[in-house]
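Analysis of the macromolecular model
Each chain is listed here by its residues.
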Amino acid sequence: MATSNKQGERTLKKKNPDRFKGSSQKTEQDEEMEEAKLEIPPDWKEPGISREENPHCMLEESSFSTLFPKYREKYINECWPLVKKALSDHHIAGTLDLIEGSMRVATTRKTFDPYIIIRSRDFIKLIARGVPYEEAVRILQDDVYCDVIKMSRGSSTARFVKRRQRLIGPNGSTLKAVELLTGCYVLVQGRTVSAMGSHGGLKQVRKIVNDTMANIHPIYMIKTLMIKRELAKDPKLANEDWDRFLPKFKKKNLSKRKKPHVIRRVGTYTPFPPPQPQSKLDKEIESGEYFLKEVERKSKKHRDRSEKQKEAKVARDERRERVYVAPAEVTDCVGVTGEKDSDSIDVDKIKQKIKKSTHRKLGAPVNKSMIKSKKS
């Protein structure tokens with residue numbers, strides 16, 4: 001009967017598909033309406049679990065263990081009594097193995113909260129990753145969550161270190177701004193980022209870390225979070241879209257070079273293969289050497305070699321004789337080459353200069369008044 005009913009429904013769907021479309025659309029619309037009606041009060045907190053809700057406690061043991069590095073051994077050994085006391089308040093047993101370098105947490109017969117073992121696992125994991133005890137112990141609270149974000153190293157170690165330092169900022173200022181805006185505790189250790197806080201804050205921290213490793217500066221996300229923080233204070237904008245208030249950053253192409261370094265030139269496509277290169281035998285047949293006798297072939301080789309040597313010797317001699325070629329003479333001076341015409345020399349002026357020089361002694365200053373009186 002069941003198979004016959006299913007076959008009947010299939011035939012009805014094939015005949016009247018629009019009839020069944022409306023029913024599915026109505027259910028989707030109803031679900032969207034129900035989701036829209038759900039509103040969480042601003043000061044609402046998740047209620048914790050009490051012993052009265054689970055009086056029989058845990059029947060089976062659940063345990064988790066994690067390893068820690070050698071440099072954390074001293075700190076973990078010093079603060080382990082405090083860790084053990086914090087775990088015992090929630091009826092969780094903790095063991096420290098310094099030989100293997102591991103920490104282990106397990107439930108007991110008195111454990112009534114089923115989720116506290118997950119929080120205990122996160123607690124020892126944060127301590128092993130470098131988070132101090134004072135901050136890591138907050139993970140045992142019901143409204144605090146944690147996230148360990150792995151940073152992608154990429155191909156270049158220098159680029160990874162530079163971007164990780166960009167996330168931390170000078171003197172940790174960028175990391176402090178991220179903590180204030182997201183309400184989370186953030187610690188950068190090695191290739192991971194450990195964060196503790198609410199779900200919304202952890203989501204923002206993960207986005208900032210991933211964007212920073214993708215070469216997007218964290219200051220852009222910090223500016224956006226600051227604007228969102230101010231907009232959240234206005235109750236009128238609670239049900240409005242904030243995209244018109246948020247900044248929109250455009251990607252800048254820092255490279256001004258428009259052409260690539262190497263331009264690959266692609267020739268025209270031809271379906272025919274390239275011509276086959278000639279072999280040594282083909283070249284000898286074409287030049288006629290193949291048909292010569294051995295004595296003639298050797299004499300031809302000797303003749304060609306001697307001709308090449310003669311040409312090289314002539315070129316070498318010319319290059320050596322260039323050093324001994326005299327430079328071109330300067331023809332500007334008068335009387336050196338005698339190329340200038342005698343018409344260009346003023347003979348009268350030369351005679352006057354000679355007369356003036358005879359009237360005065362050698363080395364004596366010229367007296368203009370005496371020259372004028374003589375002329376008169």
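Structural notes, computed from the coordinates. By convention here, each chain's residues receive numbers from 1 onward along its written sequence. Only residues with pLDDT of at least 70 get local features here, since the model is predicted, and only at 80 or more are side-chain atom pairs given and counted; chain-wide, interface and lining totals rely on the full set of residues. For side-chain calculations, the full set of non-hydrogen atoms in the structure is used, while hydrogens and water are omitted.

Pairing of aromatic rings covers Phe, Tyr and Trp, the last counted by its six-membered ring, and requires centre-to-centre distances within 6.5 Å; plane angles under 30 degrees mean stacked, over 60 mean edge-to-face, and any other angle means tilted. Using the criterion set out here, one finds two aromatic pairs in the structure. A centroid spacing of 6.2 Å and a plane angle of 50° characterise the contact between F123 and Y133, whose relative ring orientation is tilted. With a gap of ten residues between them, F123 in helix 4 (residues 116-128) and Y133 in helix 5 (residues 133-136) connect regions that are remote in the sequence. Accessibility expressed as a relative area gives 0% for F123, which makes it buried. Note on Y290 and F291: the rings are 5.6 Å apart at their centroids and 85° apart in plane angle, and the pair reads as edge-to-face. Criterion for a charge above a ring: Lys NZ or Arg CZ within 6 Å of the ring centre, and within 35 degrees of the ring normal. A cation over an aromatic ring shows up here: R121 above the ring of F64, its NZ or CZ 5.4 Å from the ring centre. Labels follow the DSSP assignment, with helices taken as runs of H or I lasting at least four residues and strands as runs of E lasting at least two, numbered in each case from the N terminus. Between buried and exposed lies partly exposed: a residue is buried under 20% and exposed over 50% of the maximum accessible area for its type, with that area taken using a 1.4 Å probe on protein chains only.

Okay, the packing of helix 7 (residues 173-182) against helix 9 (residues 218-232) next. Only C-alpha atoms enter the line fits that serve as axes; for helices the fit covers just the stretch in contact. Angles between N-to-C directions range over 0 to 180 degrees. In the contact formed by helix 7 and helix 9, the axes pass within 10 Å of each other and the chain directions differ by 30°. On the basis of their axis angle, the class for helix 7 and helix 9 is roughly parallel. Note that helix 7 runs across helix 9; the crossing there is left-handed. Across the interface between the two elements, T174, A177, V178, L180, L181 and T182 of helix 7 pack against P218, I222, L225, M226 and R229 of helix 9. Orientation is classified from the angle alone, with under 35 degrees giving roughly parallel, over 145 giving roughly antiparallel, 65 to 115 giving roughly perpendicular, and any other angle giving oblique. We call a crossing left-handed when the near helix sits turned anticlockwise from the far one by less than a right angle, and right-handed when that turn is clockwise. Here a residue-residue contact requires only that any non-hydrogen atoms of the pair lie within 4.5 Å.

The criterion for strand pairing is that DSSP finds at least two bridges linking the strands in question. Taken in spatial order, the three strands of this open sheet run 4-6-5, and their pairing is antiparallel. Only two strands of the sheet have a single neighbouring strand rather than two, namely strand 4 (145-150) and strand 5 (185-189). Ignoring which end each strand starts from, the neighbouring axes of this sheet average 15° apart. As defined by bridge partners, strand 4 adjoins strand 6 (residues 192-197) across six bridges and the pair is classed as antiparallel. Its bridge partner lying in strand 6, Y145 is registered against G197. Contacts from helix 8 (residues 199-213) reach strand 4, strand 5 and strand 6, with the element oriented near 10° to strand 4.

Here the focus is the sheet that holds strand 3 (residues 102-107). Strand order in the open sheet made by the three strands is 1-3-2, with antiparallel pairing throughout. Strands with a single pairing partner mark the edges of an open sheet, and in this sheet they are strand 1 (63-67) and strand 2 (92-97). Across the sheet, the mean angle from the axis of one strand to that of its neighbour is 15°, orientation sign disregarded. Summarising the sheet, strand 1 and strand 3 pair through five bridges and their orientation is antiparallel. Bridged to T66 within strand 3 is M103. Each of strand 1, strand 2 and strand 3 is contacted by helix 4, which is oriented at about 170° to strand 3, the strand it contacts most.

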